[in-house]
Amino acid sequence: MQPLVLTRDQHGISRSQISENALKVLYRLHKSGFEAYLVGGGVRDLLLGRQPKDFDIATSATPEQVKQLFGNSRLVGRRFRLAHILFGRDIIEVATFRGHHHQVNNSKDMSSQSSEGMLLRDNVYGTIEEDAERRDFSVNALYYNIADFSVVGFSNGLQDLEERRLELIGDPETRYREDPVRMIRAVRFSAKLDLTISPRTEAPIRELAPLLSDIPPARLFEETLKLLMAGYGLKTYRTLKYYGLFAPLFPEAAEVMGQGDNNYGRFLELALTNTDERLAKNMRVTPAFLYAALLWGPVETRTQQFMHEGGLSYYDAFMMAMDEVLSRQVKSVAIPRRFSSVVRDIWMLQDRLNRRSGKRPHRLLEHPKFRAGYDFLLLRAELNPKLTELAEWWTEFQEANPIDRQQLSRQAKAKHNKFGDSSSKPRKRPRRRPRKKKEA
């Protein structure tokens, strides 16, 4: 199919909407005799009237030629060789037009696939037409030509964008096997851009969802941030569950929630709604809070199991549950230590927030993660009436003056149920019998 070309007067993209650094790269590549295009999501978002987060560039120049042109560049990636051009904290990603595998020799340095059909290396270069065929979705096969300021749309991408349809380029099963992450990208684009996934594009997803287990956990961490922390997390979560993609990413949470709706599922939806609302208000969010919510159900469940089956105290069972749930989760989606440590703090604070007598609440206010723990308690209280009084007490305590805080602390009960559940009280250790003296 011939590409559709929109001339400068047929589209609404202006160079004033493109970052100055991206324009610098485009112009230098063009003046050096190479083809240079703004490509993919940047063009798509501009056509939709959105401000792109990133401006990626496709070119006929090889990565090595790009590096020669730009002293502020570095080459990255083995699977896909790319050039990153650095302008302080701003990074412009430049990719060479990709070609088809069957047109080259079988050198493993250029292209290789796993037995499941997954691409392990893909450094095959080609033309803009071949590059467009290698794109994942038609709405991403869009190119803004710096030479004449036209927009070039391949694979019916411009029409699909206008009709709000998400269409995978090529045979869906083959493309998903090449890179299973394309399945969750389909969900992300559908939720983000309010696109309907076409029947042929969605057909193999449920069957192929287990292939996500072959993706490196570190890569899936970055992908889950894009899925759940971009302002449309609730819609994305529901779509992931619908297509069977949630369980491969978060097997611990999926096991607890099961197939039907339950309290943990509602709690997670509350957390995602809260995150979406904060992002809409340009408020700060952290992955740690969301991961604490995602795995709270498994931690509570495992804590109770360790207590009842192993006869452990609440504290010991809770510590074991945290370790086990996190160690299992990182096998699917890696959680960097800088976030997992905060996840632990949020969970541990749920116990400490019950201790309101004496100087404890005053010291707790100084805890660096107090606010995250308090916000987590507020979410839990929305579904658990037993926690309402505790949440209201901490709200009043924070707003009170020093004298009123002392009064509130004196009035607080000395004994409180752990996490609003009397069954989670720690068992008292049995007193040791005095050792008998040896007879002389």
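First, a word on what this report is: a plain description of the structure on this page. (Residues numbered from 1 in each chain as written. Predicted model: local features only at pLDDT ≥ 70, side-chain atom pairs only at ≥ 80, totals over all residues. Heavy atoms only, no water.)

Looking at the packing of helix α21 (residues 388–399) against helix α22 (residues 402–411)
Taken N-terminus to C-terminus, the directions of α21 and α22 make an angle of 155°; their axes are 8 Å apart at the nearest point. In terms of orientation, α21 and α22 fall into the roughly antiparallel class. Together, Trp393, Glu396, Phe397 and Gln398 of α21 and Arg405, Leu408 and Ser409 of α22 make up the contact between the two elements. Grouping the amino acids of the contact of α21 with α22 by side-chain chemistry returns three nonpolar, two polar and two charged. (Axes fitted to C-alpha atoms, helices over the stretch in contact; angles between N-to-C directions. Helix = DSSP H or I, 4+ residues; strand = E, 2+ residues; numbered from the N terminus. Parallel < 35°, antiparallel > 145°, perpendicular 65-115°, else oblique. Contact = heavy atoms within 4.5 Å. Nonpolar A, V, L, I, M, F, W, Y, C, P; charged D, E, K, R; others polar.)

Considerations on the nonpolar core
One finds Leu29, Leu245, Phe246 and Trp347 to be the most contacted residues of the largest nonpolar core, which totals 98 residues. If we ignore the near neighbours within four places in the chain, the residues touching Leu29 are Phe34, Ala36, Ile57, Thr59, Ala61, Val66, Leu69, Phe70 and Val94. Counting residues in hydrophobic clusters, the runner-up holds 16 residues, among them Phe370, Ala381, Ala400 and Leu408. (Core = buried A, V, L, I, M, F, W, Y, C linked by side-chain atoms within 4.5 Å. Buried < 20%, exposed > 50% of the residue type's maximum accessible area, 1.4 Å probe, protein only.)

Quick word on the layout of surface pockets
Taken as a whole, the largest pocket spans an internal volume of roughly 1,900 Å³. Around the largest pocket, the lining is made up of 50 residues, and of these Asp56, Glu93, Arg185, Arg188 and Lys226 lie nearest the centre. When contributions to the lining of the largest pocket are tallied by element, the ones reaching two or more residues are α2 (41–47), β3 (56–59), β5 (82–87), β6 (90–96), β8 (119–122), α7 (181–193) and α10 (217–228). The residue makeup of the lining of the largest pocket, split by class, is 19 nonpolar, seven polar and 24 charged. (1 Å grid on protein atoms, 1.4 Å probe; cavity = no way out; pocket = protein on both sides within 12 Å on 5 of 7 lines; lining within 4 Å. Points joined across faces, edges and corners; volume = space filled by probe spheres on them.)

So, α10
With 12 residues, α10 extends 16 Å from end C-alpha to end C-alpha; this agrees with the ideal 16 Å at 1.5 Å per step. Residues of α10 that are buried: Leu220, Phe221, Glu223, Thr224, Leu227 and Leu228. Check the buried side of α10 and you find it contacts α7, α11 (233–242), α12 (246–249), α14 (263–280), α15 (287–294) and α18 (337–352). (Expected span 1.5 Å × (residues − 1).)

Digging into the sheet that holds strand β1 (residues 4–6)
Sheets are built from strands paired through backbone hydrogen bonds, the pairs being either parallel or antiparallel. Strands sit in the order β1-β10-β9-β2-β3-β6-β5-β4 across an open sheet of eight strands; the sheet is mixed. Two strands in the sheet have a free side with no partner beyond their single neighbour: β1 and β4 (73–76). For this sheet, the mean inter-axis angle between neighbouring strands, taken without regard to orientation, is 30°. Relative to β6, β5 runs antiparallel, the two being bridged by five bridges. From the neighbouring strand, Leu86 faces β6, where its bridge partner is Ile91. Contacts from helix α1 (residues 20–31) reach β2 (36–39), β3, β5 and β6 within the one sheet, and its direction differs from that of β6 by about 35°. (Pairing = 2+ DSSP bridges.)

Concerning the environment of Val256
Mapping Val256 onto the fold places it in helix α13 (residues 251–257). Linking Val256 and Arg302, residues 46 residues apart in sequence, is a C-alpha distance of 9.7 Å.

Quick look at the pairing of β6
If a strand is regular, its side chains alternate between the two faces of the sheet. Two strands pair when backbone bridges link them, and β3 and β6 are joined in this way by three bridges, in the parallel orientation. In the sheet register, Ala58 faces β6, and the bridge partner there is Ala95. Between β5 and β6, which pair antiparallel and follow one another directly, the connecting turn spans two residues, one of which, Gly88, has a positive phi of 65°.

Topic: the pattern of salt bridges
Per the counting criterion, the structure on display carries 23 salt bridges. The salt bridge involving Lys226 is made with Glu223; its shortest N-O contact spans 3.9 Å. A residue pair is termed a helical-turn pair when its members lie 3 or 4 positions apart in one helix, as Lys226 and Glu223 do in helix α10 at three residues. You can call Lys226 partly exposed: its relative accessible area is 40%. Here Glu223 falls in the buried class, since its relative accessible area comes to 7%. Taking the shortest distance from any N to any O, the salt bridge between Asp323 and Arg344 comes out at 2.7 Å. Remark: Arg344 occurs in helix α18 and Asp323 occurs in helix α17 (residues 314–329); sequence separation between them is 21 residues. Judged by relative accessible area, Asp323 falls into the partly exposed class, the value being 39%. On the accessibility criterion, Arg344 (26% relative accessible area) is partly exposed. Within the structure, one salt-bridge network assembled from shared partners comprises Asp160, Glu163, Arg165, Glu167 and Arg200. (Salt bridge = Lys/Arg side-chain N within 4 Å of Asp/Glu carboxyl O.)

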